[in-house]
2 protein chains.
Amino acid sequence: MKLLEEKIQKDARLLEGNIVKVDSFLNHQLDVAFLDKLAEEFAKYFSKRGINKILTIEASGIALAVLLSKHMDDIPVVFAKKAKSLNIGDDVFTSSVESFTYKKEYTITVSKKYLSQNDKLVIVDDFLAEGMAMKGLIDVAKQAGSQILGLGVAIEKGFQKGGKFLRQEGYDLCSLAIIDEIKEDGIVFRK
Amino acid sequence: MKLLEEKIQKDARLLEGNIVKVDSFLNHQLDVAFLDKLAEEFAKYFSKRGINKILTIEASGIALAVLLSKHMDDIPVVFAKKAKSLNIGDDVFTSSVESFTYKKEYTITVSKKYLSQNDKLVIVDDFLAEGMAMKGLIDVAKQAGSQILGLGVAIEKGFQKGGKFLRQEGYDLCSLAIIDEIKEDGIVFRK
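Model, not experiment: these values are computed from the prediction.

What about the interface of chain A and chain B?
Okay, so step 1: Every contact between the two is made by 44 residues of chain A and, on the other side, 44 residues of chain B.
Okay, so step 2: For the pair chain A and chain B, the summed buried surface comes to about 3,700 Å²; carbon and sulfur atoms form 62% of the total.
Okay, so step 3: For the salt bridge of K70 of chain B with D36 of chain A, the shortest nitrogen-to-oxygen distance reads 2.8 Å.
Okay, so step 4: Scanning the region where chain A abuts chain B turns up 16 residue pairs in polar contact (both at pLDDT 80 or more).

This is the structure:
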C-alpha cells in the first residue's frame, strides 16, 4: 500500500537491530485518520468472506481492529490479553508467545466465552516479524474451533520468518507494507 | 447514560469483591457499535473546548479513545504503555500506578515526543474505581505541561474513592454510568 510505504519512509525511525519505530502513528501515538485508511484497505481485501469477528492482541492491534470493525458492519472485536487478570476466570484458551520486542515469553489469554466454532475470523495486528504473536492467536483460534479466513498486518518485516511461514501454511495474509531490507539510506519495500 | 446503565444491568456479571465484569462488550470482547455510542456521548460532552489530543492507557482505553477521535475530527490519540518496551527509549515521562485489578504496581510510560505544552487533552479510560490509572495519566500530562480539559470514563464505581477525589481536585469528569452500590438483586446507579 503506497500510502503506508510513504508514511514509513517519512516518519519511521530506524534503530539498531532492524527496529522500525513507527510510534508516531501506529503504536504509541495513533494517527487515527491514517489508521482508518489502513483499516479501509483491510476491509476491501477481506470483504465478502462471511467474516463475523476480528481477533487481535493488546495493545496496538486494538486500534486497527476497532477501525476495521467500523468498515465491516461493526462486527465484534476480541483482543487477547497478554497478562492474566485476576478476574478473567479459568475458562480460557491460552498460548505461549515469545516476544521479539520485549525479549521474554508471555502467555496470551482469550476467554472461552468470546471465541467459538461459530466464529469466522480475521486476525489483525500492527506488526509481523517472527510471527510469534500471530501464531499464538492462530493457536487460540484453533483451540476454539474458529475458522480463520484471513490474517491482516500493517507492517511485515519480510526479512524475518513470520510472513513466509504463514503463507506456506496456507493462510491468506494481507500485509499492507512489506519491508524487505533496511539500508542506511532508507527502507526497501517488496514490490 | 441510560443506554450504558441498561447494558450493564443486562450483560455485566458480578463477581466477589465488587467486581463488575463487562468483558462481553467493553474490555475483552468489544461491541464496537455500542462503544461508538459511548464515544459519541463523550464527544458531545467535550466538544467546543479546543481539545486537540486524547490521552488514554493500554489496553481497554484504546478502543474508546479511537472511536472518540473519529467523533472529534480525528485528533491524535496517545496511549500510555504499562510495560517498558526495550525500544521506547529513555526520553519518557513515567508515573507509578497501583492496580486494583492486578494487585500490583506498575509504571506507565509516555514518550516525551507525544505530549507537550501545546496539548489540550481529554483523558479517557474504560473504568474508574480508586482512580490510580487516571492519577498516573494526569501526572504524566502535568509533567509534559499539557492542559487537561476533561476526563472521561465509561463506568465509574461511585463507591470507591477515585471519582470523588478527581472532582474535588477540580477536574471536569464525565462518567457515563456511575455505580453507587452493588446489591444481590442488581446494581444501583447514581441519578
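Describing the nonpolar core
Okay, so step 1: In terms of nonpolar packing, the biggest core is built from 81 residues, with L4 and I8 of chain A together with L4 and I8 of chain B touching the most fellow members.
Okay, so step 2: Apart from residues no more than four positions distant in its own chain, L4 of chain B is found in contact with F25, F34, L38, A154, I155, L176 and A177 of chain B.
Okay, so step 3: One finds V78, V97, L137 and I138 of chain B within the second-largest nonpolar core, a separate group that totals 27 residues.

So, unusual backbone geometry
Okay, so step 1: The amide bond that connects E58 of chain A to the next residue, A59 of chain A, takes the cis arrangement and shows omega of -5°.
Okay, so step 2: Along the polypeptide, A59 of chain A turns up in the loop between β4 (53-57) and α3 (60-71).
Okay, so step 3: Phi at D73 of chain A is positive, roughly 60°, even though this residue is not glycine.
Okay, so step 4: Tracing the backbone through its elements, the reader meets D73 of chain A in the loop between α3 and β5 (77-80).
Okay, so step 5: For N18 of chain B, which is not glycine, the phi dihedral falls at a positive 60°.
Okay, so step 6: By the element assignment, N18 of chain B lies in the loop between β1 (13-15) and β2 (19-21).

Structural notes on the sheet that holds strand β10 (residues 173-183) of chain B
Okay, so step 1: A sheet is described by the order of its strands in space; here seven strands give the open sequence β3(A)-β5(B)-β4(B)-β8(B)-β9(B)-β10(B)-β11(B), paired in mixed fashion. Among the strands making up the open sheet, the edge pair consists of β3 (29-30) of chain A together with β11 (186-189) of chain B.
Okay, so step 2: Here β10 of chain B pairs with β11 of chain B via four bridges, running antiparallel. Paired with I179 of chain B across the bridge in β11 of chain B is F189 of chain B.
Okay, so step 3: The sheet contacts of helix α1 (residues 2-11) of chain B involve β9 (147-157), β10 and β11 of chain B, and relative to β11 of chain B the element is tilted by about 160°.

A closer look at the confidence of the model for chain A
Okay, so step 1: With 95% of its residues at a pLDDT of at least 70, chain A reaches an overall mean of 94.
Okay, so step 2: Scoring the predicted complex yields pTM 0.96 and, for the interface, ipTM 0.95.

Calculation notes
Residues numbered from 1 in each chain as written. Chains lettered and ligands numbered in written order. Predicted model: local features only at pLDDT ≥ 70, side-chain atom pairs only at ≥ 80, totals over all residues. Heavy atoms only, no water. Contact = heavy atoms within 4.5 Å. Buried area = accessible area lost by both parts, 1.4 Å probe. Salt bridge = Lys/Arg side-chain N within 4 Å of Asp/Glu carboxyl O. Polar contact = N/O pair within 3.5 Å; in protein donor to acceptor, adjacent residues only side chain to side chain. Core = buried A, V, L, I, M, F, W, Y, C linked by side-chain atoms within 4.5 Å. Buried < 20%, exposed > 50% of the residue type's maximum accessible area, 1.4 Å probe, protein only. Helix = DSSP H or I, 4+ residues; strand = E, 2+ residues; numbered from the N terminus. Pairing = 2+ DSSP bridges. Axes fitted to C-alpha atoms, helices over the stretch in contact; angles between N-to-C directions. pLDDT = per-residue confidence, 0-100.

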